[in-house]
Each structure stands twice: as C-alpha cells, then as structure tokens.
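Geometric and topological summary
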Amino acid sequence: MFLLNYQDKKLIAAIHTYQRGRDKGGVLGKVQGAWGKLRHMFWTVISGSDISRDATIAVSARFPHLTGVVIHHDAVVGEDCMIMQQVTLGQLASGGAPHLEAGAYAGAGAKLLGPIRIGAKARIGANAVVLEDVPAGATAVGVPARIKAQS
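Just so we're clear, the structure is a prediction, and the values are computed from it rather than from any experiment.

**Observations regarding the overall build of the protein**
Per the secondary structure count, the protein includes 2 helices and 14 strands. For 151 residues, the compact-globule estimate of 2.2 N^0.38 gives 15 Å, and the C-alpha radius of gyration of the protein, at 15 Å, lies within 12% of that figure. Seen through its C-alpha atoms, the protein measures out along the principal axes to roughly 50 × 35 × 25 Å. Across the protein, every contact between residues at least 6 apart in sequence was considered, and the portion connecting residues at least 24 apart equals 18%. In the structure as shown, the protein presents an accessible area of about 7700 Å², 60% of it carried by carbon and sulfur atoms. Distance between charge centroids for the protein: 6 Å, based on 16 positive and 10 negative side chains.

Written out as structure tokens, the structure is:
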C-alpha cells in the first residue's frame, strides 16, 4: 500500500534528480543523472506510466492514479495541477506539446494533444480530446473538446 500512495511523489522526485544532474554536468552531474534515471525506470515500471524524464513538471503537481499516464518530453505541468489516470499529454504530427498552467485539472482518460495551453484552474473532463487552447477557469468536455463553462 505504501508504494501506491507515494509513487507519484517518488517518480517526480526521480525526474527532478535526473534533470538536476543533467543540468549540472561534470562527473557528479553524470552520477546524479544516472541515479535519477535508475529511479525513474523503477518508478515507471511500478506505476505503469510513461512520463518523460525531460518533461517540466512542478513539484506540487499531483497524480493520484499514475497508471497509464503518458507525458511528452516537451510538455509542461504547472504548480498544483492534478492529472488523473490514463491521461495523455502528447504531440500531434506537426509537433509541440501541451502546457498546463497552475491549478489545471485533467480528468481520467483525457487526451491533450499538440502545442496547446490549458489556462490556470481550467478543467478538462474525463475522456475529452483537447486540440485547442482552454482559457483560464474554463471547463472543456467532449470529443473534440468544447468549452462548456467558464468561471
């Protein structure tokens, strides 16, 4: 049970360890980066997720159920975002990856694709397919996603 409750924190910490080592350079940076890679691989297998070590993810981001989460290496997940199970933050054939601003929420099974921006405190409904920007405080639902409410 311990692993299930803390795997998101452990995986994100491993990603940050890798990134600090990568950015530091030198022998110590390579050792730190290798340690981060090893931990990342372990927590990826345990969680059943595919989160790139190069993605920008805030320490306060939450992943209550990491199973099936896929995050592209160019994606950005801001402070206090919540990403539910089976969410994909990926690119389209033309490239680019999503940027989630502070407090954004992505419901179970949501697919956020391409160089889109999800505004602060925006909500993405379960199984929505988001291909366009979502304004701050708005709720997007459906396939393709449409704005249903804005606070």
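That was the structure; now back to the text.
**Notes on the sheet that holds strand β2 (residues 56–57)**
Pairing in this open sheet of 4 strands is parallel, and the strands run β2-β4-β7-β10 from one edge to the other. Of all the strands in the sheet, just β2 and β10 (117–118) have a single pairing partner and so form its edges.

**Quick word on the side chain of D8**
If you trace the backbone, D8 turns up in helix α1 (residues 2–24). When sequence neighbours within four positions are dropped, the list of residues in contact with D8 reads R62, F63 and L66.

**Here we look at the nonpolar core**
By size, the foremost hydrophobic cluster in this structure holds 33 residues, and its most contacted members are I51, I57, F63, I71, L112, I118 and I124. Breaking this core down by element, the ones donating at least two residues are α1 and β13 (138–141). In terms of residue count, α1 provides more of this core than any other element does, 3 residues in total. The contacts of I124, once residues within four sequence positions are left out, are Y105, A106, G107, A110, L112, I118, V130, V134 and A140.

**Observations concerning a nonpolar patch on the surface**
Together, W35, L38 and M41 make up an exposed nonpolar region whose accessible area comes to about 340 Å². Its place among the elements puts M41 in helix α2 (residues 26–47).

**Thoughts on the packing of aromatic side chains**
What the rule picks out here adds up to 1 aromatic pair. Each ring, one from F42 and one from W43, has its centre 5.0 Å from the other, and the planes form 85°; the classification is edge-to-face. Here F42 falls in the partly exposed class, since its relative accessible area comes to 44%. A relative accessible area of 10% places W43 in the buried class. Against the face of Y18 rests R53, its NZ or CZ located 5.1 Å from the ring centre.

**Digging into the sheet that holds strand β6 (residues 88–90)**
The strand order across the open sheet built from 5 strands is β1-β3-β6-β9-β12, with neighbouring strands paired in parallel fashion. Taken across any chain shown, the strands that pair with only one partner, and hence form the sheet edges, are β1 (50–51) and β12 (129–130). As paired strands, β6 and strand β9 (residues 111–113) are joined by 3 bridges and run parallel to one another. Bridge assignment links L89 to a residue of β9, and that residue is L112.

What counts as what
Within each chain, residues carry numbers counting from 1 in the order of the written sequence. Confidence filtering applies because this is a predicted model: local features only for residues at pLDDT of at least 70, side-chain atom pairs given and counted only at 80 or more, and all residues used for totals across whole chains, interfaces and linings. To obtain the side-chain values, all non-hydrogen atoms of the structure were included, while hydrogens and water were left out. The secondary structure listing takes helices from DSSP runs of H or I that are at least 4 residues long and strands from runs of E that are at least 2 residues long, numbered from the N terminus. For this measure, only C-alpha atoms enter the radius of gyration; the expected value for a globule follows 2.2 Å times N^0.38, where N is the number of residues. Note on contacts: a residue pair qualifies if any of its non-hydrogen atoms lie within 4.5 Å across the two residues. Using a 1.4 Å probe, accessible areas were evaluated by the Shrake-Rupley method; residue-level cover was limited to the displayed protein chains. Charge counting follows a simple rule: Lys and Arg are positive, Asp and Glu are negative, and His as well as the terminal groups are ignored. Taken as the charge centre is NZ of Lys, CZ of Arg, CG of Asp or CD of Glu, depending on the residue. Strands were regarded as paired on the criterion that DSSP finds at least two bridges between them. Here the nonpolar core consists of buried residues drawn from Ala, Val, Leu, Ile, Met, Phe, Trp, Tyr and Cys, with membership extended through side-chain atoms lying within 4.5 Å. Burial status follows relative accessibility: with a 1.4 Å probe on protein chains alone, a residue under 20% of its type maximum counts as buried, one over 50% as exposed, and anything between as partly exposed. Exposure above 30% relative accessible area and no salt bridge define the residues that can form patches, which grow by joining like charges within 9 Å and nonpolar side chains of Val, Leu, Ile, Met, Phe, Trp and Tyr within 5 Å. Criterion for a salt bridge: a side-chain nitrogen of Lys or Arg within 4 Å of a carboxyl oxygen of Asp or Glu. Centre distance within 6.5 Å is the pairing criterion for rings of Phe, Tyr and Trp, where only the six-membered ring of Trp is used; planes under 30 degrees apart are then read as stacked, over 60 as edge-to-face, and the remainder as tilted. Placement of a positive charge over a ring is assigned whenever Lys NZ or Arg CZ falls within 6 Å of the ring centre and within 35 degrees of the normal to the ring plane.

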